[in-house]
Amino acid sequence: MRVRLFYHDRCFDGACSAALFAEFFRRRFDPGADFILTGLFHRADQLFDEELFDGDENVIVDFKYSPSTKLTWWFDHHQSAFLSPEDGEHFERDTSGKKFYDPSFKSCTRFIATIGQQKFSFDPTGLEELIRWADVIDGAQYRDAREAVEMEAAAMKLTLVLEAAKENRSKQIIPLLTEHSLDEIVALPWVSECFETLFQRHMESIELIRARGKRSGNTVFFDLSDTDHGGYNKFIPYYLFPESVYTVAVSDAGFRTKVSVGSNPWAAVEPRHNLATICESYGGGGHSRVGAISYGPQELNRARRTAREIVDKLSATG
């Protein structure tokens, strides 16, 4: 059977979700299934190419819903999972028993594992490390900012490679995630060499954000759009500015201009704003504690205006 598997690209939870779904499907439905991995990015233009739904089964994990009649499986946990109210209504009418949504889960990986156990008698034994770290990383459940930024754990090193490698390595890494431990994957020469190079850039990005970060009340803002450091570690601002509650940043990835909005998991006060809701008002989305807005590659000024409006909103009310 040919399975087209779409996943959130350049994302640890997206990669783990894809690996876990493939293992679930092979164990419960077709041991010989052939998976065609297809990464998806949030962007300002159309997210889905209908012609790509060309598998015997077409699956989306850790990404927005598609009302395509060709979509057979879907799992997501983002608050802004639906591009329109009509998409949400389409999902509610679905009777396939193969499309699932629950924004209360920290990671889509654990969501897939849970649904697999509860509804399909899937046994995730041997995958506990993968599921636990997907929860930690996507749910920002680190002990402190130091653990998130200094990257001593294998999962953190692999996250850096997945998110920031110049050559996208997700299709190489995903099949390894259910066959090897994270330590074993990180020890592979091509992974370790990539990590060492990226870690040096990571250290440079710390100094860049230190120099450019500006506090406005409880919010830190920085603009990296004139640099090639758009894939920075999202916890650096809280490592450098531990008193902050929110961070807003502008970056340019070439194919899109991005406004990133986050909240400090270790803030002394509980964040009051739902960041997904704020980002949705500008056409973006995310989770209650972290979100983003994608604009076109020529819309840097628009992104900067949006960022300033969000900084004003966050810093004014706490």
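Residues numbered from 1 in each chain as written. Predicted model: local features only at pLDDT ≥ 70, side-chain atom pairs only at ≥ 80, totals over all residues. Heavy atoms only, no water.

Caption draft 1: Just the overall build of the chain, in detail. Across its full length, the chain carries 12 helices and 11 strands. In terms of C-alpha radius of gyration, the chain reaches 19 Å, essentially the compact-globule figure of 20 Å for 318 residues. Overall, the chain is about 55 × 45 × 35 Å in size when its C-alpha atoms are taken along their principal axes. Relative to its 318 residues, the chain shows a buried fraction of 54%. (Helix = DSSP H or I, 4+ residues; strand = E, 2+ residues; numbered from the N terminus. Rg over C-alpha atoms; globule rule 2.2 N^0.38 Å. Buried < 20%, exposed > 50% of the residue type's maximum accessible area, 1.4 Å probe, protein only.)

Caption draft 2: The arrangement of the sheet that holds strand β10 (residues 285-286) in detail. The strand order β6-β7-β8-β9-β11-β10 describes an open sheet built from six strands, whose pairing is mixed. Pairing within the sheet leaves two strands with one partner each, and these edge strands are β6 (214-216) and β10. Judged from the two bridges that link them, β10 and strand β11 (residues 290-295) form a sheet pairing that is antiparallel. Across the sheet, G285 pairs through a bridge with A292, a residue of β11. (Pairing = 2+ DSSP bridges.)

Caption draft 3: Inspection of the sheet that holds strand β3 (residues 57-61) at higher detail. With parallel pairing, the five strands of this open sheet are ordered in space as β2-β1-β3-β4-β5. Edge strands, defined here as strands with exactly one partner in the open sheet, are β2 (34-40) and β5 (99-101). In this sheet, neighbouring strand axes are inclined to one another by 15° on average, regardless of whether the strands run parallel or antiparallel. Two elements, strand β4 (residues 73-76) and β5, share three bridges in a ladder whose sense is parallel. The residue of β5 that forms the bridge with D76 is Y101. Packed onto the sheet, helix α3 (residues 108-120) meets β3, β4 and β5 and runs at close to 130° relative to β4. (Axes fitted to C-alpha atoms, helices over the stretch in contact; angles between N-to-C directions. Contact = heavy atoms within 4.5 Å.)

Caption draft 4: Summary view of the packing of aromatic side chains. As enumerated under the stated definition, the model contains 36 aromatic pairs in all. Both rings, one in F41 and one in F255, keep their centres 5.6 Å apart while their planes meet at 55°; by these two values the pair is tilted. In this pair, F41 sits in the loop between β2 and β3 while F255 sits in the loop between β8 (246-252) and β9 (257-263), placing the two residues 214 residues apart along the sequence. Looking at F41, the relative accessible area reads 25%, which means it is partly exposed. The ring of Y232 carries the charged tip of K234 above its face, separated from the ring centre by 4.6 Å. The ring centre of F221 lies 5.3 Å from the NZ or CZ of R308, which sits over that ring. (Phe/Tyr/Trp six-rings, centres within 6.5 Å; stacked < 30°, edge-to-face > 60°. Lys NZ or Arg CZ within 6 Å of the ring centre and 35° of its normal.)

Caption draft 5: Spatial organisation of the nonpolar core. Ranked by size, the top nonpolar core spans 73 residues in total, and within it F12, F21, F75, L158 and L177 carry the most contacts. Of all the elements, helix α1 (residues 12-28) adds the most residues to this core, at 10 residues. When near neighbours in sequence (up to four residues on either side) are disregarded, L177 contacts A15, C16, A19, L130, L158, L182 and I185. Y246, L275, I293 and V311 belong to the second-largest nonpolar core, a separate cluster that totals 18 residues. (Core = buried A, V, L, I, M, F, W, Y, C linked by side-chain atoms within 4.5 Å.)

Caption draft 6: Focus on unusual backbone geometry. At R10, a residue that is not glycine, the phi angle is positive and equals roughly 55°. As for its placement among the helices and strands, R10 is situated in the loop between β1 (2-8) and α1. Residues other than glycine seldom take positive phi values, yet M151 does so here, at roughly 55°. For M151, the position within the fold is in the loop between α5 (145-150) and α6 (154-164).

Caption draft 7: α1, seen in detail. Here α1 contains 17 residues, and its C-alpha end-to-end distance of 24 Å stays within 8% of the 24 Å for a straight helix at 1.5 Å per residue. When you tally the buried positions in α1, you get 14 out of 17 residues, the bulk of the element. (Expected span 1.5 Å × (residues − 1).)

Caption draft 8: Summary view of the side chain of N264. Relative to the helices and strands, N264 is located in the loop between β9 and α11 (275-280). For N264, the residues in contact, after removing those within four places along its chain, are Y238, P242, S244, V245 and R289.

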